[in-house]
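# What the coordinates show
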Amino acid sequence: MKKYPLSQSQQGIFIECMNNPELTRYNLSFAVDLPGCVDLNRLQEAVGRVIAGHSVLHTRFVIDEEGCPWQVEDLSMEIPVDRRKMTDDEAADYIRQGFVRPFKLVGNQPLCRFEIIEAPTRSYLLYDFHHTIADGLTVFALFPCEDLVAVYEGEPMKPERKTLYAYAEEEQKLMGTAAFEEARQYYLKKFEGVEFTPLSRNTAASGRSLVVHEALPSADVNAWCAAHEVKPNILMQAAFSLLIARLSRRWQVAYTSVRHGREDKELSHSYGMFVRTVPVLANVDSEKSVADFIRETELEWKSTHRMAQYSFASFCGSLHLQPTVCFSFQGPRLNPLLQLAGADGRVTQLSRTYTDIDLTCLVYTCADAYDIRLEASDALYTAPYLRRF
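These notes cover the structure that comes with them. These figures come from a predicted structure and were not determined experimentally.

Let us now look at the overall build of the chain. Check the secondary structure of the chain and you find 11 helices and 16 strands. Relative to its length of 389 residues, the chain is compact, with a C-alpha radius of gyration of 22 Å against a globular reference of 21 Å. Taking the principal axes of its C-alpha atoms as reference, the chain extends roughly 65 × 50 × 40 Å. Taking all 389 residues of the chain together, the buried fraction comes to 50%. Long-range contacts, defined as pairs at least 24 residues apart, comprise 77% of the intrachain contacts of the chain with a sequence gap of at least 6. When the accessible area of the chain is evaluated, it comes to approximately 19,100 Å², of which 50% is carbon and sulfur surface. Taking the average place of the 41 positive charges on the side chains of the chain and the average place of its 51 negative ones, the gap between the two points comes to 3 Å.

Next comes the structure, spelled out in C-alpha cells:
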C-alpha cells in the first residue's frame, strides 16, 4: 500500500493523541434521532455505501523505522455498521456515556465507527470520526446531510475532486519553498520568548468535558459593527484577547485560533481534516484606542492566512510551546436536521467525555444571537466559574 504524509493539521493532532491515548478530545461524535418512517435496513446499507465511497474513512496510520508517522488507504479494513437493540433507558445511557470512547490511532482498527440503535419508542444512528480524518464540515454536513441522504434516496454521491491524501502530498511539496521559509522566520521571530497564556495553574489536568454557553443578542453588536466597518468575528476576537489579558493579568497574550482550511475550491466536498490551527499574539495596551486595538486584531488575523504555509505542529516543535487557550469564531451552525424518508431527524453532537483543555471559546451565529460556548476540563473549572467569563 502506498504511504502518504500526514497533513499539517493531522500532525499536531496525531502527536497529541499519541501522548494522551485515553482522551476523547478529538472525537467528533453525533447521534441522529431517526424519524419512525426510516427503513433501518436501507439506512444500514446506505451508511455502508458511503463508507465504501470515501477513501479517507479507510485510513490507517503507520510509523516507520525512523519513528515518522504515515497514513495509508487500507481498503481491506472492515468498518462495520452495527445494529443493537436496547430499552429506551439503556439507549439514552449508552448515547450519553457509552458510545464515545478513544480510538487507537496506530493499528488495524478504523478511525470511525457507526451504530444503529433500536429502542422501543425510537431509533438512532450514532457515528464517531476521529479528528485526524474529519473536520466539522465532514461530520456535520457532507456525511449525514448530503451523502447519506443521497444514497438512502437512491441518488449518487458527489465525487471528491481532491482527496486528503493528495492535499497532504501538495503540502509536503511546499515545505522548503521560499514562502514556507518566509512564514517560518516570521513566526520564529514574532514568538521568540513568548509562551501561550495559561489561565489555569494546572493545565495538564484531565477531566470530564464541561460545556457552558450563553446567547448574546446580535442586533446591537451587528449595528455597531456596521457603523464602524468591523467584521463581527474580528470584534469577538478582540474582546476575547482583552478578556484573556485581564484574567491572566498580562499585557501580551498568546493563544490559538483556527481557520477552516478549505480555501481551495476542490476541497468543497472532500472528506478529511483541513482545519488549520494558528497562533495568535495580542498586545493589550491601555493607551490604545478601541479602534486601534480592533485594527491590530484584524491585521493579526490576516497574517495567519498569509503565513499559513508553516504548520502549527512545526511551530510548536521549534519553539517548544504547548497550546492552552483557544478562540474560534465558527460562523453559522450547520443544519442540525437530517431529512430522511420525507421527515426530519435531529442531529446532536455528543460530549467528548474526557479532555485536558484549559479553555476553548467557540462563537456561533444564530438567527438573532451569538451562541458563545466555553469548553474546559472539570478538573480545572466548575460550571459557575465558567459562566462568570
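As a further point, take the sheet that holds strand β7 (residues 123-130). Pairing in this open sheet of 6 strands is mixed, and the strands run β5-β6-β7-β2-β13-β12 from one edge to the other. Edge strands, defined here as strands with exactly one partner in the open sheet, are β5 (81-85) and β12 (337-340). The average undirected angle you get between the axes of adjacent strands in this sheet is 25°. Of the strand pairs in this sheet, strand β2 (residues 27-34) and β7 are connected by 8 bridges, and their pairing is antiparallel. Directly across from Asn-27, in β7, lies its bridge partner His-130.

What counts and how
- Residues numbered from 1 in each chain as written.
- Predicted model: local features only at pLDDT ≥ 70, side-chain atom pairs only at ≥ 80, totals over all residues.
- Heavy atoms only, no water.
- Helix = DSSP H or I, 4+ residues; strand = E, 2+ residues; numbered from the N terminus.
- Rg over C-alpha atoms; globule rule 2.2 N^0.38 Å.
- Buried < 20%, exposed > 50% of the residue type's maximum accessible area, 1.4 Å probe, protein only.
- Contact = heavy atoms within 4.5 Å.
- Areas by Shrake-Rupley, 256 points an atom, 1.4 Å probe, with all protein chains shown as cover.
- Lys, Arg positive; Asp, Glu negative; His and termini not counted.
- Charge placed at Lys NZ, Arg CZ, Asp CG, Glu CD.
- Pairing = 2+ DSSP bridges.
- Axes fitted to C-alpha atoms, helices over the stretch in contact; angles between N-to-C directions.

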